[in-house]
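# Examining the three-dimensional arrangement
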Number of protein chains: 2
Amino acid sequence: MRAAIYHGERDIRVEDVERPEIEDPSDALVRITHTCVCGSDLWPYRGQSDRDTPSPIGHEPMGIVKEVGEDVTSVEPGDRVYAPFVVSCGECEFCRRGLHTSCVNGDGWGGDNGGAQGEYVRSPHADGTLVRIPDRHADDEDTLRSVLPLTDVLGTGHHAAVSAGVGEGDTCVVVGDGAVGLCGVLAAKRLGASRVVAVGHHADRLDIAEEFGATETVLGGSEGVDDVVGHVTDLTHGGAEHVLECVGAASAMETAAGVARPGGTVGYVGVPHGMGDGLDLFDFFGDNVAIRGGIAPVRAYADELLADVLQGTLDPSPIFDKTVSLENVAEGYRAMDEREAIKVLVEP
Amino acid sequence: MRAAIYHGERDIRVEDVERPEIEDPSDALVRITHTCVCGSDLWPYRGQSDRDTPSPIGHEPMGIVKEVGEDVTSVEPGDRVYAPFVVSCGECEFCRRGLHTSCVNGDGWGGDNGGAQGEYVRSPHADGTLVRIPDRHADDEDTLRSVLPLTDVLGTGHHAAVSAGVGEGDTCVVVGDGAVGLCGVLAAKRLGASRVVAVGHHADRLDIAEEFGATETVLGGSEGVDDVVGHVTDLTHGGAEHVLECVGAASAMETAAGVARPGGTVGYVGVPHGMGDGLDLFDFFGDNVAIRGGIAPVRAYADELLADVLQGTLDPSPIFDKTVSLENVAEGYRAMDEREAIKVLVEP
């Protein structure tokens, strides 16, 4: 089969590799029909985090079940499914309490089960990992585009909002206008926030934030306001109780701490990068600003978010502003790396 | 009047200084009868944090009201009172929600209102700051020794436990066997924890932790177990949901992250020191361990904790293992610096 293989910094090649096969009675083999490039794929792409070379890459799989092991009961060949960015058994202490990312039988994509940017993946623990899309929606292309972000960024933005404690009538600030930040805006509105202030560095992405329900947007960066923290603090009359940090960089955490109201909470979901000097806790300590979140257990949120996507009240698909074939996946990486695209959909 | 004055690293002198006077109608003048040396006083003493020189020092005042401004209604001359380590108005948004340390009219001790290690302090916002001790307890020396830690360390240990979310039947780990850690043990038991694992570097202090209700103790450091995190993780079958970080050092935060169960919470109250490289968030991110807490709003906890101390069900006084006169306060600093004493009571 064909699959994207990571060979090092800015070197993604599509190659012939061996197709994964069922190895365990709990496995399912899935033919990928839709997948994407993730902001976190860009860290190894940019040489900013370690990754084995060569190795399959991609962790946002959606496709058709091809074959199942004999213990699999929740899906069968022909079903349209998606999987979160990690494998989870669905039965351990942590899966049962909704923390699938700490599953004691967990695993990632990209090892010998194949990367999601390829023609097939083998899903271990298929009953705990795969989410079945009901047949009546299973072939609707528009619906599938809206479901695909549930593999990662929609669940991750939702986790930021949940971790920040967003609820009915709240004011919150979303730091970051990438795919996760935009999904954080959607999630905050869905949880009932009445004011959502979106902070980013790209005017065009902040337009999508408005489309997604942001009540105010604040453009920072070289073309934006000088003092983002001061500006947002003024807008919120002293800071917001709920702040979603959706970048994963030291500067974004500093902004989040700066715009949080004393006693508030920062929900963070971006993999902490560029924090060579670590995080200065003083910014949080003095005003008792809590830091909650972490790697998002998106499997835990599958049922409730999928229901809303399928009934049409939640649609993150505008984050996909570029589509490439699997053979051209390297072009997708380039476009995201150069910030030409927010998120790239890949069709094997 | 006489007062301790900080002149720089390891240089505390007791000198004649001007007595503070009522300046504002909301002020009260308090003659100090009991105070203490705090672990956080040791940071400037050791030259590890900046402090003006010369400046009055001490922030844990208890005494007798000498005089009140005309707007003060909650105390009158002759009342025995104590004050938390910060001044708070009691009326602003943050005081009303129990976050007195973020009071918009707040202030510390040690400026022109005098340091608590002296004969008098002027308390701004006396109605919001001072806590009155009922007359029937006001002259009982044993009771006063038990109340005095409410100025700081008992409320701070309690804040760690509250921030960590300790409740009935919980298992928790307390990192640190200083005065705050020992008070954290007391607080965790009081909140209903059924297992309290105390982790420290001093066998004699861990004995007090047991006296305070720790069900297990783990001695680390040069004379203790090699792998504290591994040992505590085994004891708790995979980590504790609730961890109290009561030191304020990078190593203690690392231990706290290490012994936290995935999805758990670290309540931290030690002023973050020795974190030149900041905090590595990865330790928390991967398992969604929340970081809550900060500088403790001990004024918020005054009523409930004082009630328990006065009825005799809560007694932190064993932390005082040395008493000095104000004239000999430098000896108190020395003893705490050299870890001869856990906490020093000072009697002007």
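Cut-offs used in this document
Along each chain, residue indices are assigned from 1 in the same order as the chain's sequence is written. Chain letters start at A and ligand numbers start at 1, both assigned in the order the entries are written. Local features are withheld for residues below a pLDDT of 70 in this predicted model, meaning they are given only at 70 or higher, and side-chain atom pairs are given and counted only at 80 or more; totals for whole chains, interfaces and linings count all residues. Only hydrogens and water are set aside when side-chain values are computed; all heavy atoms of the structure are taken into account. UniProt positions are given in the numbering used here, feature names are shortened, and annotations may be inferred rather than shown by experiment. Secondary structure elements follow DSSP: runs of H or I of four or more residues count as helices, runs of E of two or more count as strands, with numbering from the N terminus. Relative accessible area decides the class of each residue, using a 1.4 Å probe on protein chains only: under 20% of the type maximum gives buried, over 50% gives exposed, and in between gives partly exposed. Neither His nor the chain ends is counted toward charge; the positive residues are Lys and Arg and the negative residues Asp and Glu. Take a side-chain nitrogen of Lys or Arg and a carboxyl oxygen of Asp or Glu: if they are within 4 Å of each other, that pair is a salt bridge. We call two residues in contact when some of their heavy atoms are within 4.5 Å. The quantity reported as buried area is the accessible area (1.4 Å probe) lost by two parts once they are put together, taken as the sum for both. Contacts described as polar in this section are N or O atom pairs within 3.5 Å, which, within protein, must combine one atom able to donate a hydrogen with one able to accept it, while residues neighboring in sequence count only if both atoms come from side chains. Polar here means any residue other than Ala, Val, Leu, Ile, Met, Phe, Trp, Tyr, Cys and Pro, which are nonpolar, and Asp, Glu, Lys and Arg, which are charged; Gly is therefore polar. Patch membership needs two things, relative accessible area over 30% and no salt bridge, and members are linked within 9 Å if like-charged or within 5 Å if nonpolar (Val, Leu, Ile, Met, Phe, Trp, Tyr). All accessible-area figures derive from a Shrake-Rupley calculation using a 1.4 Å probe, and residue coverage is judged against the displayed protein chains alone. Throughout, a charge is located at the NZ atom of Lys, the CZ atom of Arg, the CG atom of Asp or the CD atom of Glu. The pairing criterion is simple: DSSP has to find at least two bridges between the two strands. Residues reaching a pLDDT of at least 70 in both copies supply the C-alpha atoms on which the copies are superposed by least squares. Note that domain bounds follow an automatic or database assignment of domains. Note on geometry: axes are C-alpha line fits, over the in-contact stretch for helices, and angles between N-to-C directions span 0 to 180 degrees. Geometric relationships in this document are graded by angle, where less than 35 degrees denotes roughly parallel, more than 145 denotes roughly antiparallel, 65 to 115 denotes roughly perpendicular, and other angles denote oblique. Put simply, a crossing is left-handed when the front helix is turned counterclockwise from the back one by less than a right angle, and right-handed when it is turned clockwise. Classification remark: right-handed applies to a crossover when, strands pointing away from the viewer, the course from the first strand over the helix to the second runs clockwise. To count as a disulfide, a pair of cysteine sulfur atoms needs to be within 2.5 Å. Read the arc as the range of directions from the helix axis to the C-beta atoms.

- Looking at an unreviewed UniProt entry, one finds chain A named Alcohol dehydrogenase GroES domain protein and attributed to Halosimplex carlsbadense 2-9-1.
- According to its UniProt record, chain A has this under Cofactor (unreviewed entry): "Zn(2+)".
- Regarding chain A, the relevant UniProt record gives this comment under Sequence similarities (unreviewed entry): "Belongs to the zinc-containing alcohol dehydrogenase family."

## Concerning the side chain of R299 of chain A
All names here are of chain A.
- Relative to the helices and strands, R299 resides in the loop between β16 (290-293) and α11 (302-310).
- D303 is the oppositely charged side chain nearest to the buried, salt-bridge-free R299, at an N-O distance of 4.8 Å.
- Once residues lying within four places of it in the same chain are set aside, the contact partners of R299 are P84, S88, H100, D127, G128, T129, L130 and V131.

## Observations concerning the interface of chain B and chain A
- Listed per partner, the contact involves 35 residues of chain B and 35 residues of chain A.
- When the area that chain B buries against chain A is broken down by residue, the three leading residues are L281, F285 and N288 of chain B, summing to 25%.
- Inspection of the chain B/chain A interface yields 4 salt bridges.
- One can count 18 residue pairs in polar contact (both at pLDDT 80 or more) joining chain B with chain A.
- Residue assignment for the side of chain B that touches chain A shows that the elements contributing at least two residues are α2 (93-96), β15 (260-268), α10 (282-285) and β16 (290-293) of chain B.
- When grouped by side-chain class, the residues that make up the side of chain B that touches chain A number 18 nonpolar, 10 polar and 7 charged.

## With respect to a negative patch on the surface
- On the surface, D140, E141, D142, D204, D207, E210, E211, D315, D321 and E347 of chain A cluster together to form a negatively charged patch.
- Mapping D321 of chain A onto the fold places it in strand β17 (residues 320-325).

## Let's talk about the sheet that holds strand β1 (residues 2-6) of chain A
Residue and element names in this part refer to chain A.
- Judged by pairing direction, the sheet is antiparallel, and its 3 strands sit side by side in the order β2-β1-β4 without closing on themselves. The outermost strands of the open sheet, each flanked by one partner alone, are β2 (12-16) and β4 (55-56).
- Pairing geometry for β1 and β2, over 5 bridges, is antiparallel. Paired with I5 across the bridge in β2 is R13.

## Regarding unusual backbone geometry
All names here are of chain A.
- Following T53, the chain continues to P54 via a peptide bond in cis, the omega torsion being -10°.
- Within the secondary structure, P54 sits in the loop between α1 (42-45) and β4.
- One non-glycine residue with positive phi stands out, namely H125, at about 45°.
- Examined against the element boundaries, H125 turns out to sit in the loop between β9 (120-123) and α3 (126-129).
- Since its relative accessible area comes to 26%, H125 is described here as partly exposed.
- For R339, which is not glycine, the phi dihedral falls at a positive 60°.
- Within the fold, R339 resides in the loop between α12 (329-337) and β18 (343-347).

## A word on the environment of P20 of chain A
Residue and element names in this part refer to chain A.
- On the secondary structure map, P20 appears in the loop between β2 and β3 (28-37).
- For P20, a relative accessible area of 8% gives the class buried.
- When the C-alpha atoms of P20 and E76 are compared, they prove to be 17 Å apart, with 56 residues separating the residues in sequence.
- Residues contacting P20, with those up to four places away along its chain left out, are M1, L29, D112, N113, Y120, V121 and R122.

## Structural notes on the relation of the copies chain B and chain A
- Of the two same-sequence chains, chain B is brought onto chain A (RMSD 0.0 Å, axial shift 0.0 Å) by a rotation of 180°. Taken together, the rotation and translation relating the two chain copies correspond to the operation of a two-fold axis. Looking at the rotation axis and the C-alpha trace of chain B, the residue lying nearest is G278 of chain B, at 2.0 Å.
- With an isologous cut-off of 70% or more, the 100% of interface residues of chain B that recur at the interface of chain A puts this contact in the isologous class.

## Here we look at the domain arrangement of chain A
Residue and element names in this part refer to chain A.
- Under the domain assignment used here, chain A contains domain 1 (2-152 + 298-347) and domain 2 (154-293).
- A separation of 26 Å is found between the C-alpha centroids of domain 1 and domain 2.
- Each partner contributes to the roughly 1800 Å² buried at the junction of domain 1 and domain 2, and carbon and sulfur atoms together form 67% of this total.
- The largest contributions to the domain 1 side of the interface with domain 2 come from W43, Y301 and I342, which together make up 31% of the buried area.
- The tally of links between domain 1 and domain 2 comes to 2 salt bridges.
- As a salt-bridge pair, R190 and D308 come within 2.7 Å of each other at their nearest N and O atoms.
- Connecting domain 1 to domain 2 are 8 residue pairs in polar contact (both at pLDDT 80 or more).

## Concerning the packing of helix α8 (residues 228-235) of chain A against helix α9 (residues 250-259) of chain A
Residue and element names in this part refer to chain A.
- Where α8 meets α9, the axes come as close as 9 Å, and the angle between the chain directions of the two elements is 30°. Judged on the interaxial angle alone, α9 and α8 are roughly parallel. Relative to α9, the crossing made by α8 is right-handed. Here α8 contributes V228, V229, V232 and T233 to the contact with α9, which in turn contributes T255, G258 and V259.

## Structural notes on the pairing of strand β14 (residues 240-245) of chain B
Residues and elements named next belong to chain B.
- Of all 6 residues that make up β14, 5 are buried, and the element is covered over most of its length.
- Bridge analysis of β14 against β15 gives 5 bridges, and the strand direction is parallel. Across the sheet, A240 pairs through a bridge with A260, a residue of β15.
- The parallel pair β14 and β15 is bridged by helix α9 (residues 250-259), and the resulting crossover is right-handed.

## A short note on the state of the cysteines
- If you walk through the whole model with that rule in mind, you get 0 disulfides over all chains.
- Here C183 of chain A stays free of any disulfide, with the sulfur of C246 of chain A as its closest cysteine sulfur at 9.0 Å.

## Observations concerning helix α7 (residues 203-211) of chain B
Residues and elements named next belong to chain B.
- By the burial criterion, the buried members of α7 are R205, L206, I208 and A209. The arc enclosing the buried residues of α7, seen along the axis, measures out at 150°, which places them on a common side. In α7, the exposed positions that point more than 90 degrees away from the buried face belong to D204 and E211.
- For α7, the elements touching its buried residues are α6 (179-190), β12 (195-200) and β13 (216-219).
- One or two steps after α7, the chain reaches G213, where phi turns positive at roughly 120°.

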